[in-house]
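Examination of the molecular architecture
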Amino acid sequence: MLEPLTQIGRDAATGGYVRDAWSPADMELREWFAGEAARRGLDLREDRNGNLWAWWGDPSRRPGVVTGSHLDSVRQGGAYDGPLGVVSAFAALDLLRERGGVPASPLGVVCFTDEEGARFGVPCMGSRLLTGAIRPERALALTDDDDGDTLADVLARAGRRPESVGRDDETLAGVGAFVELHVEQGRGLADHGRPVGVAAAIWPHGRWRFDFRGRADHAGTTRLADRDDPMLPFARMVLAARAAAERRGVVATVGKVRVSPGNANAVPGHVVAWLDARGAAEDDVRALVAELAEGHEVSEESWTPVVGFDPALRDRLARVAGGGTPAPVLPTGAGHDAGILAAAGVPAGMLFVRNPTGVSHSPEEHAEQADCEAGVVALADVLEDLCR
Ligand code: GLV
Ligand code: MN
Ligand code: MN
């Protein structure tokens, strides 16, 4: 099932995927999802926030057990971050059908919209809107910084109704429990020598926009003393972020920067840089950002507090998914829709599939076929257990 997805949104030059929310590639992926739902006779619904739900059974009669992930990607991402969870969800449902019987609870497969926030800057947009974790007015006004289009414009162009987005209690009421399978984005399982693990917690994390303003000028004729070059405070911030992260035992990344006007022969007039900071302890992350922000123009684009997954569900998943020996339980520095649902009070948990190198958000991301298959079996076991 992963195979037909391999050409969608792929950059032939790099082998990386570019699957921005609501882009042509995303629309193709959404069609693929609808096709997989139809092939299985599932009832397909798109909620008011663009999330896709494929149901076996009727969640309005009794809350269901839901599994799935997302199909969008970071720019130049890998093949597994998101799609592995959606493909495994359909495959686990197939396996349950092969095993026979109809689950007592409805079973849903979900594809959350815009998990990465690659286009509008805020991650987990579909699950945040669904649960009311972001105000609709704020979400709709966010802009794609390549072309300035707002999310409202983009939704309208995709034939959706921007005025309908926002907290959706009716859809949420159908979700009795949520389990997201995901490729691991570190080497925890490789170190344990196990193909499948369970998430313990998601680190608190956020994104901050720094605006460094100066004055554009000629690169040859402007004396050094006369320059107001915003590249210099930007460069100092990047180095300070690394030093502060080491000192505080957290991680900090500047992975996106926009230099205007962008002439090789001119002092820039404006540098915009995005800081991503995460760590086990919220106070350390907050302190790092406060330290870096001192004296600069900074705005917080997103913040996700620490998520500790429901301990009873976590232990149940570890027992059932471990196939005899409880699966390892690992924290993660990556954000997920499961974390947003957990924060909204939905019993939620995650399964991780081993990533031999730990590399992710890169075309190099990989998982072995046998481990993916073990993930599907573990997910089917977990769903069967939860649907009882
Ligand atoms: C999502 O993948 C994130 O953690 O940035
Ligand atoms: Mn990701
Ligand atoms: Mn993901």
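Structure's up top.
These remarks concern the structure in this document. (Residues numbered from 1 in each chain as written. Chains lettered and ligands numbered in written order. Predicted model: local features only at pLDDT ≥ 70, side-chain atom pairs only at ≥ 80, totals over all residues. Heavy atoms only, no water.)

1. Considering the coordination of the manganese ion (ligand 2)
On the protein side, the manganese ion (ligand 2) has D81 (OD), E116 (OE), E116 (OE) and H361 (NE2) as donor atoms, found 2.1 to 2.8 Å from it. Read in sequence order, the donor residues for the manganese ion (ligand 2) give the motif D-x34-E-x244-H. A distance of 3.6 Å spans the gap from the manganese ion (ligand 2) to the manganese ion (ligand 3), which D81 bridges by coordinating each metal. Here D81 is found in the loop between β3 (64–70) and α2 (83–99), whereas its partner E116 is found in the loop between β4 (107–112) and α3 (125–131), with 35 residues between them in sequence. D81 sits in the buried class, given a relative accessible area of 6%. (Donors = N, O, S within 2.8 Å, 3.2 Å for Na, K, Ca; no water. Helix = DSSP H or I, 4+ residues; strand = E, 2+ residues; numbered from the N terminus. Buried < 20%, exposed > 50% of the residue type's maximum accessible area, 1.4 Å probe, protein only.)

2. Overview of the site of ligand 1
Neighbouring residues of ligand 1: E115, E116, R278, A334, G335 and H361. Interatomic distance of 2.7 Å between a side-chain N/O atom of R278 and an oxygen atom of ligand 1. Here an oxygen atom of ligand 1 and a backbone polar atom of G335 are 2.7 Å apart. Relative to its free-state accessible area of 200 Å², ligand 1 is covered by the protein chains to the extent of 94%. By residue class, the composition of the shell around ligand 1 is 1 nonpolar, 2 polar and 3 charged. (Near = heavy atom within 4 Å. Polar contact = N/O pair within 3.5 Å; in protein donor to acceptor, adjacent residues only side chain to side chain. Areas by Shrake-Rupley, 256 points an atom, 1.4 Å probe, with all protein chains shown as cover. Nonpolar A, V, L, I, M, F, W, Y, C, P; charged D, E, K, R; others polar.)

3. Details of the coordination of the manganese ion (ligand 3)
Binding of the manganese ion (ligand 3) to the protein goes through H70 (NE2), D81 (OD) and H182 (NE2), at separations of 2.0 to 2.2 Å. Between consecutive donors of the manganese ion (ligand 3), the numbers of intervening residues give the motif H-x10-D-x100-H. On the basis of relative accessible area, H182 is assigned to the buried category, the value being 1%.

4. Some points on the packing of aromatic side chains
Enumeration according to the criterion identifies 8 aromatic pairs in this entry. Seen in terms of ring centroids, F210 and F212 are 6.0 Å apart; in terms of plane orientation they differ by 20 degrees. Their pairing is stacked. An identical accessibility class is assigned to F210 and F212; each is buried. Through successive ring pairs, a cluster of aromatic residues spans W53, W55, F112 and F178. Here the basic side chain of R97 rests over the ring of W56, its NZ or CZ set 4.5 Å away from the ring centre. The ring of W274 is capped by K256, whose NZ or CZ atom sits 4.5 Å from the centre of that ring. (Phe/Tyr/Trp six-rings, centres within 6.5 Å; stacked < 30°, edge-to-face > 60°. Lys NZ or Arg CZ within 6 Å of the ring centre and 35° of its normal.)

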